[in-house]
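As a plain string of letters, each chain reads:
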Amino acid sequence: MFKQNCQLLHTALVIALVLGGCNRRMAVQPGTYGEQHRPQWHYSPPQKWMNDPNGMFYYEGNYHLFYQHYPEASVWGPMHWGHAVSKDLVHWENLPIAIYPDSLGYIFSGSAVVDWQNSSGLGSLENPPIVAVYTIHDMVAQKAGRLDCESQGIAFSLDKGKTWTKYGKNPVLPNPGNIPDFRDPKVSWDPRGSNWIMTLAAGDVISFWSSKNLINWEHLSDFGKGLGAHGGVWECPDLFRMKVEGANEYKWVLVVNLNPGGPNGGSGTQYFVGEFNGRQFIPDASFLSSISKESGVWLDYGRDNYAGVTWSDIPESDGRRILIGWMSNWDYSNVVPTETWRNGATLPRSLTLHNTKQGYRVFSNPVKELQSIRKKETSWSFLDLKSGQFVAPKLPFSPLQSEWDLELELPEGSIGKYWIELFNDLGERYRIGYDAVGKQLLSDRTKSGPNQFSDRFARSIHAAPLPLSGSKLRLHLLFDVASVEVFAEEGSTVMTELFFPTRPFTSVKLVAEGGDLLSAKGKTWHLERVWAK
Ligand code: FRU
């Protein structure tokens, strides 16, 4: 996205930064969270611009979330790390900005870890430092056409993540000199070598580095030339070990965000499954052959889940691998129709690894904590929906703050398309569908509102491969004012999509098109708002 951003950057913003805007400390501005299109149970910043989630770690009962933030405008600009914290991944408290840009540059994406053994020497064993590792982007160098404008720096916190001090000798990992896209360090502890591993995006490969103390880094290897999707630059990687569900087997998952080149255009998140031997990532041969036809496999096939990475330091007693993404796409994130704030996060998702008929695949599902805001459970069912007909479940609440667990039963050999459609009285609609012939999950926002803010927002219906194991299609849907997250077939195929209707969608219908449906049944809940009024 970077070239795009630079063009967007207004000279005034640069001047503001140079004149010392970077040193200003700001208190948290309370957001109202009541604006049109504002998510009601997702994280979004109280004010102004947000892109990637950064530096997530868990410590003493708190899930910390940082994010790429420009606090002075609702467009991308000089990057800070905004900060929020949650005890349950559902209710968030906004905290003051954690890390400000400085004379070295903007604070781009990165990660944070609890340095339990005080390997960095920045804290003590009694009070382990929390160390953030981020990219320093030197705007001046970039404008001068230098190729070494990105390097990695660290900052640390000695008060459980509340306040942060930059390390005095940044950068800790300088640019090798000729890699302009050299960013987004994700650090994790590897007990085998008793060292930290940094997974870094370098052009269109992933570069691995190791360190004993988070300060001195040694290059290990690079991965990815000619493998997977390469429609754009690789960004925001993540590397972690996962147990294969139902087997006594472990694999490593390498998450690689890239922009553009996503499955339905613009930004997207692919992944690889294989081994990491402490120096090198070796993709599983069967995994590579399973993705060769599609040249990539995606954590999310929707257009609005980008830059997702996972929480560090989740206790082993919990054992989950929890990812959160940015709910937008560089194709239009600067111009979506919101004003006081712009963009937010996806819901946190728990990842699991499965050995499926298609090969190893990562499934995503909403974290279980979200069930705490389910209200007004409503059960419904319909039988025998003929082609061309529709039925409408009656809901005692707005569909735009709702969760659905639904099952459609298709007749054998169906050639139909089946839609769940949300609409308003202006004729605007958003629909999710299943195409039984193409075996695809569909998301159609082409008529969801006045979409002219960007000609890249709703050019076509978006699709994801969704082979069914039997005649039943299981969908789990979560709507939050201007977004939907679709988890199909236990989270094996996921789509996250935004839409911006003029007025809220007030009604829902199920539609059978070109084929009958034997039955449709499900449960729907109202999801309570998590923001204080
Ligand atoms: C991804 C990204 C990162 C970069 C950050 C800048 O969306 O381009 O690669 O660090 O955004 O805000």
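Sequence positions are assigned chain by chain, starting from 1 and proceeding in written order. Only residues with pLDDT of 70 or above have their local features reported here, since the model is predicted, and side-chain atom pairs are shown and tallied only from 80 upward, although totals for entire chains, interfaces and linings are computed over all residues. Remark: hydrogens and water are excluded; side-chain values derive from all non-hydrogen atoms of the structure.

Structural notes on the environment of H526
Piece 1. Here H526 shows up in strand 34 (residues 517-527).
Piece 2. Sequence separation between H526 and W404 is 122 residues; the distance between their C-alpha atoms is 9.2 Å.
Piece 3. In this structure, H526 is in contact with I373, R374, K375, K376, F397 and Q401, ignoring residues within four places of it in sequence. Secondary structure counts use DSSP, requiring at least four H or I residues in a row for a helix and at least two E residues in a row for a strand, with both numbered from the N terminus. By the convention used here, residues are in contact when the closest approach between their heavy atoms is within 4.5 Å.

A look at the site of the ligand
Piece 1. We call a residue near a molecule or strand whenever a single non-hydrogen atom of that residue lies within 4 Å of it. Near the ligand you find 13 residues, and of these D52, Q68, R183, D184 and W330 are the closest.
Piece 2. Polar contact is defined as a pair of N or O atoms within 3.5 Å, subject to the rule that within protein one atom must be able to donate a hydrogen and the other to accept it, and that residues adjacent in sequence are counted only when both atoms are side-chain atoms. A distance of 2.7 Å separates an oxygen atom of the ligand from a polar side-chain atom of R183.
Piece 3. Burial of the ligand by the protein amounts to 100% of the accessible area it has alone, namely 320 Å².
Piece 4. Elements that contribute at least two residues to the shell around the ligand include exactly strand 1 (48-59), strand 5 (106-114) and strand 9 (182-190).
Piece 5. Under the grouping applied here, Gly and all other residues not named as nonpolar or charged are polar, the nonpolar ones being Ala, Val, Leu, Ile, Met, Phe, Trp, Tyr, Cys and Pro and the charged ones Asp, Glu, Lys and Arg. Classifying every residue of the shell around the ligand gives six nonpolar, three polar and four charged. Per-residue accessibility takes into account occlusion by the displayed protein chains alone, with areas from the Shrake-Rupley method and a 1.4 Å probe.

Observations regarding the packing of aromatic side chains
Note on aromatic pairs: each is described by the distance of the centres and the angle between the planes.
Piece 1. Centres within 6.5 Å make a pair out of two Phe, Tyr or Trp rings, where for Trp the six-membered ring is used; the pair is then stacked when the planes are under 30 degrees apart, edge-to-face when over 60, and tilted otherwise. Considering all chains together, one arrives at 33 aromatic pairs under this definition.
Piece 2. Aromatic side chains W81 and Y134 sit 6.2 Å apart centroid to centroid with 65° between the ring planes, which places their arrangement in the edge-to-face category. Placement of the pair is W81 in strand 3 (residues 80-86) and Y134 in strand 6 (residues 130-137), with a sequence separation of 53 residues. Neither W81 nor Y134 differs from the other in exposure class; each is buried.
Piece 3. Between the aromatic rings of F223 and F281, the centroid separation amounts to 4.9 Å while the plane-to-plane angle is 75°, which identifies the pairing as edge-to-face. One end of the pair, F223, is in strand 12 (residues 218-223); the other, F281, is in strand 16 (residues 281-283), and 58 residues separate them in sequence.
Piece 4. Relative accessible area decides the class of each residue, using a 1.4 Å probe on protein chains only: under 20% of the type maximum gives buried, over 50% gives exposed, and in between gives partly exposed. The exposure class of F223 is buried, given its relative accessible area of 4%.
Piece 5. Within the aromatic cluster, the residues linked to one another by ring pairs are Y33, Y43, Y58, Y63, Y67, W92, W311 and W531.
Piece 6. The aromatic ring of F390 is capped on one face by K509, whose charged end is 4.6 Å from the ring centroid.
Piece 7. It is K509 that lies over the ring of F423; its NZ or CZ is 5.0 Å from the centre. Ring-over charges, as used throughout, are those where CZ of Arg or NZ of Lys falls within 6 Å of the ring centre and within 35 degrees of the ring normal.

Section: the environment of R38
Piece 1. Structurally, the position occupied by R38 is in the loop between helix 2 (11-18) and strand 1.
Piece 2. A C-alpha to C-alpha distance of 7.3 Å links R38 and A482, two positions 444 residues apart in sequence.
Piece 3. Contacts of R38, omitting those with residues within four sequence positions, involve Y33, S44, P45, P46, W341 and V481.
Piece 4. Of note is the side chain of R38, whose polar atom sits 2.9 Å from the side chain of E35.
Piece 5. Engagement of the side chain of R38 in a polar contact is seen with the backbone oxygen of P45, the distance being 2.8 Å.

Re the layout of surface pockets
Piece 1. As a volume, the largest pocket reaches approximately 1,200 Å³.
Piece 2. Put simply, the grid is 1 Å and covers the protein atoms alone, a cavity is a trapped set of points that fit a 1.4 Å probe, a pocket is an open set with protein on both sides within 12 Å along at least five of seven lines, and lining residues have an atom within 4 Å of a point. Lining the largest pocket are 41 residues, and of these W189, R241, I314, E316 and R321 lie nearest its centre.
Piece 3. Breaking the lining of the largest pocket down by element, the ones donating at least two residues are strand 1, strand 5, strand 9, strand 10 (195-202), strand 13 (233-243), strand 14 (250-259) and strand 21 (349-356).
Piece 4. In terms of residue count, the dominant contributor to the lining of the largest pocket is strand 13 (six residues).
Piece 5. Along the lines of polarity and charge, the residues of the lining of the largest pocket split into 21 nonpolar, seven polar and 13 charged.
Piece 6. Grid points are joined across faces, edges and corners, and a volume is the space filled by probe spheres set on the points. Looking at the second largest pocket, its volume works out to about 570 Å³.

Overview of the sheet that holds strand 7 (residues 150-157)
Piece 1. We treat two strands as partners when DSSP finds at least two bridges between them. Across the sheet, four strands lie side by side as 5-6-7-8; this open sheet has antiparallel pairing. Across the chains shown, the open sheet's two edge strands, defined by having one partner strand only, are strand 5 and strand 8 (165-166).
Piece 2. Where strand 7 and strand 8 come together, two bridges link them in antiparallel fashion. Its bridge partner being in strand 8, A155 is matched across the sheet by K166.

Concerning the confidence of the model for the protein
Piece 1. Averaged over the protein, the pLDDT score is 94; the fraction of residues at 70 or greater is 94%.
Piece 2. Under a pLDDT of 50 for its full length, residues 2-24 has, in the predicted model, 35 contacts with residues more than four places off or in other chains. For every residue, the predictor assigns a confidence score, pLDDT, that lies between 0 and 100.

Here's the deal with the pairing of strand 21
Piece 1. Pairing of strand 19 (residues 321-326) with strand 21, which is carried by three bridges, proceeds in the antiparallel orientation. When the sheet's bridge partners are listed, R321 is paired in strand 21 with L351.
Piece 2. By the bridge criterion, eight bridges tie strand 21 to strand 22 (residues 359-366) in an arrangement that is antiparallel. Counterpart to N355 in the pairing with strand 22 is Y360.
Piece 3. Between strand 21 and strand 22, which pair antiparallel and follow one another directly, the connecting turn spans two residues.

A word on the sheet that holds strand 10
Piece 1. On the basis of which strands lie adjacent, the open sheet formed by four strands has the order 9-10-11-12 and antiparallel pairing. Two strands close off the open sheet at either side, each with one partner strand: strand 9 and strand 12. Ignoring strand direction, the axes of neighbouring strands in this sheet form an average angle of 25°.
Piece 2. By the bridge criterion, five bridges tie strand 11 (residues 205-211) to strand 12 in an arrangement that is antiparallel. Bridge pairing links S207 to D222 in strand 12. A fitted line through C-alpha atoms represents every axis, and for helices the fit uses only the stretch in contact; the resulting angles, taken between N-to-C directions, go from 0 to 180 degrees.

A closer look at the side chain of D444
Piece 1. Checked against the element boundaries, D444 lands in strand 28 (residues 440-444).
Piece 2. A residue is classified by how much of its surface remains accessible, and D444, at 1% relative accessible area, is buried.
Piece 3. Polar contacts involving the side chain of D444 include one to the side chain of R429, which spans 3.4 Å.
Piece 4. The contacts of D444, once residues within four sequence positions are left out, are W419, R429, Y430, R431 and I461.

With respect to empty space enclosed by the protein
Piece 1. As enumerated under the stated definition, the model contains five cavities of 30 Å³ or more in all.
Piece 2. In this model, the largest cavity occupies a volume close to 140 Å³.
Piece 3. Lining the largest cavity are 14 residues, with H37, P39, N343, G344 and L498 positioned closest to its centre.
Piece 4. Its residues placed into classes, the lining of the largest cavity shows eight nonpolar, five polar and one charged.
Piece 5. In this document the domain limits rely on a domain assignment from an automatic tool or a database. Both domains that meet at the lining of the largest cavity, namely domain 1 (6-366) and domain 2 (368-527), each give it at least three residues.

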